[in-house]
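These are the residues of each chain, in order.
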Amino acid sequence: MMTTKIRIALADDHTLIREGFKSLLGKNENFTLVGEADNGKDLVALVDEFLPDIVLLDISMPQMNGLQAMEQISKQHPFIKLIILTMHEEREYILQALKSGASGYLLKNIERLELERAITTVYEGGKYFSPAITNILAEVVIRQEPGETPELTPREKEVLNLVAKGNSTKQIADILKISIRTVESHRMNMLKRLKVNNTAELVKKSVELKLLD
């Protein structure tokens, strides 16, 4: 039996889903729910105030989506563990969640015991993915052969095309209705993935690899 309870914050824009997971979490005496939110903006504020050990959050939320909230939380509180709890099992969402700092990725049809195992594993410093997500990640690893053209997420491609057209970071943020920080994060991810040092090299290599629309 654990001597210290795992402090959890929960975020989902559907009240019934939050109530369902609150009920599941309440069945484990080692967990305590410190707060809940129905959008990403309120989640960030909640985390700043209560500093939970674990954050369970959905991807699709109003005001600030889960991926954007994760990026902000990861930068401000790198010690807090983040677990995505969603219906999205598309590869682009999974990869973006991992880049944004997720230590776990669970589908909402998860059983109570698996949810408890996931929370405990992540709290102890491990990673946890639903079986379907593990299979998708395995396929990504198998397909990522040396020299293969890097894959970009749809959002990264949007940012890349706007960068190539000469738009500034602020202009891109305004066009895509995202924050400047999010644009900068996408740009940095692409620089790392394409192994280049600056925007000029990024555009040049993108042309060479035919990544631009």
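This structure is a prediction, so every number in the text was calculated from the model and none was measured.

In an α-helix, one full turn covers 3.6 residues, which means residues spaced three or four apart are oriented alike. Three or more residues of helix α2 (residues 40-50) are buried, namely G40, L43, V44, L46 and V47. The buried side chains of α2 occupy one side of the element, clustering within an arc of 165° when seen end-on. Opposite its buried face, α2 presents the exposed residues K41 and E49, each directed more than 90 degrees away. Looking one or two residues beyond α2, the residue adopting positive phi is L51, at roughly 45°.

Pairing is possible between side chains that carry opposite charge, provided their charged atoms lie close to one another. A complete count under the given rule lists eleven salt bridges for this structure. Among the ionic pairs, K99 bridges to E156, the shortest N-O distance being 3.7 Å. Here the residue K99 occupies a position in helix α4 (residues 91-99), and E156 occupies one in helix α7 (residues 154-164), the gap between them amounting to 57 residues. Look at K99 and you get partly exposed, because its relative accessible area is 33%. For E156, the salt bridge is made with R193, and the minimal N-O distance between the two is 2.9 Å. Taken as a pair, E156 in helix α7 and R193 in helix α9 (residues 180-194) lie far apart in primary sequence, 37 residues in all. Taken together, the salt bridges that share partners define one network made up of R18, E19, K22 and E36.

Attention shifts here to the pairing of strand β3 (residues 54-57). The alternating pattern of β3 places I54 and L56 on one face and V55 and L57 on the opposite face, and all of these are buried. As judged from the four bridges shared by strand β1 (residues 6-11) and β3, these two strands associate in the parallel manner. By the bridge assignment, I8 is partnered in β3 with I54. Where β3 meets strand β4 (residues 81-86), four bridges bridge the pair, whose relative direction is parallel. Across the sheet, L57 pairs through a bridge with I84, a residue of β4.

Look at α7 against helix α10 (residues 199-208): their axes get within 10 Å of each other, and the N-to-C directions meet at 110°. For the element pair α7 / α10, the angle class is roughly perpendicular. For the pair formed by α7 and α10, the contact residues are L160, V163 and A164 on the first element and T199, L202, V203 and S206 on the second.

A word on the pairing of strand β5 (residues 102-107). The buried count for β5 comes to six of six residues, which makes it a mostly enclosed element. Pairing geometry for β4 and β5, over five bridges, is parallel. Looking at the pairing, I84 lines up with Y105 of β5. Between the parallel pair β4 and β5, the chain is carried across by α4, and the sense of this crossover is right-handed. The sheet contact formed by β5 and strand β6 (residues 128-129) spans two bridges and is parallel. If you follow Y105 over to β6, its bridge partner there is F129. Since β5 and β6 lie parallel, the crossover through helix α5 (residues 112-123) that links them has a hand, and here it is left-handed.

Rules behind the numbers
- Residues numbered from 1 in each chain as written.
- Predicted model: local features only at pLDDT ≥ 70, side-chain atom pairs only at ≥ 80, totals over all residues.
- Heavy atoms only, no water.
- Buried < 20%, exposed > 50% of the residue type's maximum accessible area, 1.4 Å probe, protein only.
- Helix = DSSP H or I, 4+ residues; strand = E, 2+ residues; numbered from the N terminus.
- Arc of directions from axis to C-beta.
- Salt bridge = Lys/Arg side-chain N within 4 Å of Asp/Glu carboxyl O.
- Pairing = 2+ DSSP bridges.
- Axes fitted to C-alpha atoms, helices over the stretch in contact; angles between N-to-C directions.
- Parallel < 35°, antiparallel > 145°, perpendicular 65-115°, else oblique.
- Contact = heavy atoms within 4.5 Å.
- Right-handed = clockwise from strand over helix to strand, strands pointing away.

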